[in-house]
Amino acid sequence: SLYCFHVIRVNSYEADITRFEASKDGGVGIFACEQYDVLSSDGETWLGDGPLGPIRTHHFTGAAITRSVDGTAGNTALFMNAWATVKWIGRWKLTDWTIKVDPDAVLIPDRMRQHLKWHTGTPCYIVNCNKPFMLQPMMFGSVESISRQGLEKYFANTGACNWGYEFGEDKWLMKCLSALGVQAPQDFGAVGDNVCTGANCADGKAAYHPFKNVGAWAGCWAQASR
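These notes cover the structure that comes with them. (Residues numbered from 1 in each chain as written. Predicted model: local features only at pLDDT ≥ 70, side-chain atom pairs only at ≥ 80, totals over all residues. Heavy atoms only, no water.)

## So, the sheet that holds strand β11 (residues 191-193)
Taken in spatial order, the three strands make up an open sheet running β9-β12-β11, and their pairing is mixed. Across the chains shown, the open sheet's two edge strands, defined by having one partner strand only, are β9 (106-107) and β11. (Pairing = 2+ DSSP bridges. Helix = DSSP H or I, 4+ residues; strand = E, 2+ residues; numbered from the N terminus.)

## Here we look at the packing of aromatic side chains
Within the structure shown, the criterion is met by seven aromatic pairs. Ring centres 5.9 Å apart and planes at 75° place the aromatic pair F20 and W217 in the edge-to-face group. Of this pair, F20 sits in helix α1 (residues 13-23) while W217 sits in helix α6 (residues 214-224); the two residues are 197 residues apart in sequence, bridging distant segments of the chain. Like W217, F20 is buried. Considering the side-chain rings of Y154 and W172, the 6.1 Å spacing of their centres and the 80° angle between planes classify their relative orientation as edge-to-face. Here Y154, found in helix α4 (residues 148-156), pairs with W172, found in helix α5 (residues 169-179); they are 18 residues apart in sequence, far enough to count as distant. Among the residues examined, W172 registers a relative accessible area of 0% and is labelled buried. By way of ring pairs, the aromatic residues W92, Y154, F155 and W172 are connected into one cluster. (Phe/Tyr/Trp six-rings, centres within 6.5 Å; stacked < 30°, edge-to-face > 60°. Buried < 20%, exposed > 50% of the residue type's maximum accessible area, 1.4 Å probe, protein only.)

Geometry only, nothing functional implied.
As structure tokens, this is what we get:
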């Protein structure tokens with residue numbers, strides 16, 4: 001079972017995509033997960049109705065986004081706050097897996113469940129990108145899958161992970177979880193990411209990224225769902 005969430009900016013294409021996901025076919029993308037939430041540092045906003053009723057963003061405290069040592073968005077502080085809100089909401093406890101899904105990522109939850117079932121019940125996060133010339137395979141931030149047992153370790157030790165502000169949030173979270181003894185099984189067939197090794201929406205993966213407007217997102221979803 002999956003708990004999936006977006007972190008969005010309300011006055012942006014991210015909210016448009018989120019509204020589309022909620023309204024399409026009774027809920028697709030994160031809204032086809034057993035539990036879901038939408039978080040925003042812009043305050044509480046109504047995004048429409050989803051399969052479980054009205055969708056309102058959960059407000060969390062924002063943080064300045066800097067430039068990371070890798071030249072990506074230095075958004076670790078922002079996501080520390082977002083994960084604290086995930087803990088506070090508490091839905092993560094109700095499912096086997098929590099997945100942070102970027103709004104511009106197309107998620108097919110049925111397929112993701114098949115990928116994750118092999119690791120359910122163990123404290124782990126999924127390493128999903130093996131890009132040539134990278135120092136090591138990584139959990140890319142577009143789709144971050146962490147088991148309930150893995151999150152239990154993090155939420156019990158958040159103080160031990162109060163570092164890594166020079167990184168992007170995915171690198172910080174990966175290093176933090178590994179330092180806490182959370183396992184890191186690899187699955188390079190789950191996510192097709194153009195920031196990693198490419199996104200072909202017709203090849204049967206469980207998620208694709210990035211699609212930065214409703215038309216592109218809907219097009220990929222339609223292709224993936226055939």
